[in-house]
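Given next are the chains, with one letter for each unit.
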Amino acid sequence: MGNFITALILLLAIGIFTAVNSSILCSLCDEMLSLVERGDIDGAIAVWEENKGYFSLFVRDAEIDSVSAEIEKQRASTANGDGNTAEVESGLRDAINEILDSEKVNLSDIF
């Protein structure tokens, strides 16, 4: 009986930590998306740079690389003065949405 209670407590703890982590990541993604929507791409990049280490602990590398690639496109576009911000904004929004979609809490995250 003691093992069952221990397992139940561990399962509950994992569920709670998964939900908390998901809410933190989704909150950061929402913040970045709102900054991109307002046209403050530099602000979204700053949020990403501040929290990239946290994202790297819990998000797949492909999604992190996707956001990083869009950020590099933004930096190159700004340096060249292309005026290509609408395309970069769309790409960055899509990359952040990928992370947001994968980090929503569901039963498969727990198991």
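As shown above, the structure is provided for reference.
An account of the accompanying structure is given in this report. (Residues numbered from 1 in each chain as written. Predicted model: local features only at pLDDT ≥ 70, side-chain atom pairs only at ≥ 80, totals over all residues. Heavy atoms only, no water.)

1. Considerations on the overall build of the protein
- Counting its regular elements, the protein contains five helices and zero strands.
- Counting from the amino terminus, helix and strand elements in the protein follow one another as α-α-α-α-α.
- Counting only residues that meet the buried cut, the protein has 34% of its 111 residues in that class.
- Here the analysis covers contacts within the protein between residues at least 6 apart in sequence; of these, 66% occur between residues at least 24 apart.
- Within the structure as shown, the protein displays about 6,800 Å² of accessible surface, and the carbon and sulfur contribution to it stands at 58%. (Helix = DSSP H or I, 4+ residues; strand = E, 2+ residues; numbered from the N terminus. Buried < 20%, exposed > 50% of the residue type's maximum accessible area, 1.4 Å probe, protein only. Contact = heavy atoms within 4.5 Å. Areas by Shrake-Rupley, 256 points an atom, 1.4 Å probe, with all protein chains shown as cover.)

2. What to know about the nonpolar core
- Core analysis: the biggest nonpolar cluster contains 23 residues, and Met32, Trp48 and Phe55 have the highest contact counts within it.
- The set of elements that each furnish at least two residues to this core consists of helix 1 (2-37), helix 2 (41-58), helix 3 (61-80) and helix 4 (85-102).
- Setting aside residues up to four positions removed in sequence, Met32 forms contacts with Ala44, Val47, Trp48, Phe55 and Ile96. (Core = buried A, V, L, I, M, F, W, Y, C linked by side-chain atoms within 4.5 Å.)

3. Some points on the pattern of salt bridges
- Applying the stated rule across the entire model yields five salt bridges.
- With a closest N to O distance of 2.7 Å, Glu63 and Arg60 form a salt bridge.
- A relative accessible area of 56% places Arg60 in the exposed class.
- Note that Arg75 and Glu72 form a salt bridge whose closest N and O atoms lie 3.2 Å from each other. Here the residue Arg75 and the residue Glu72 both occupy positions in helix 3, the gap between them amounting to three residues, near one helical turn.
- We classify Arg75 as partly exposed; its relative accessible area is 39%.
- Salt bridges sharing partners connect three or more residues here, namely Glu49, Glu72 and Arg75. (Salt bridge = Lys/Arg side-chain N within 4 Å of Asp/Glu carboxyl O.)

4. Description of the side chain of Ser68
- With respect to the helices and strands, the residue Ser68 is situated in helix 3.
- Given a relative accessible area of 18%, Ser68 falls into the buried group.
- Side-chain polar atoms of Ser68 contact the side chain of Lys52, separated by 3.5 Å.
- Not counting the four nearest positions on each side in its chain, Ser68 is found in contact with Trp48 and Lys52. (Polar contact = N/O pair within 3.5 Å; in protein donor to acceptor, adjacent residues only side chain to side chain.)

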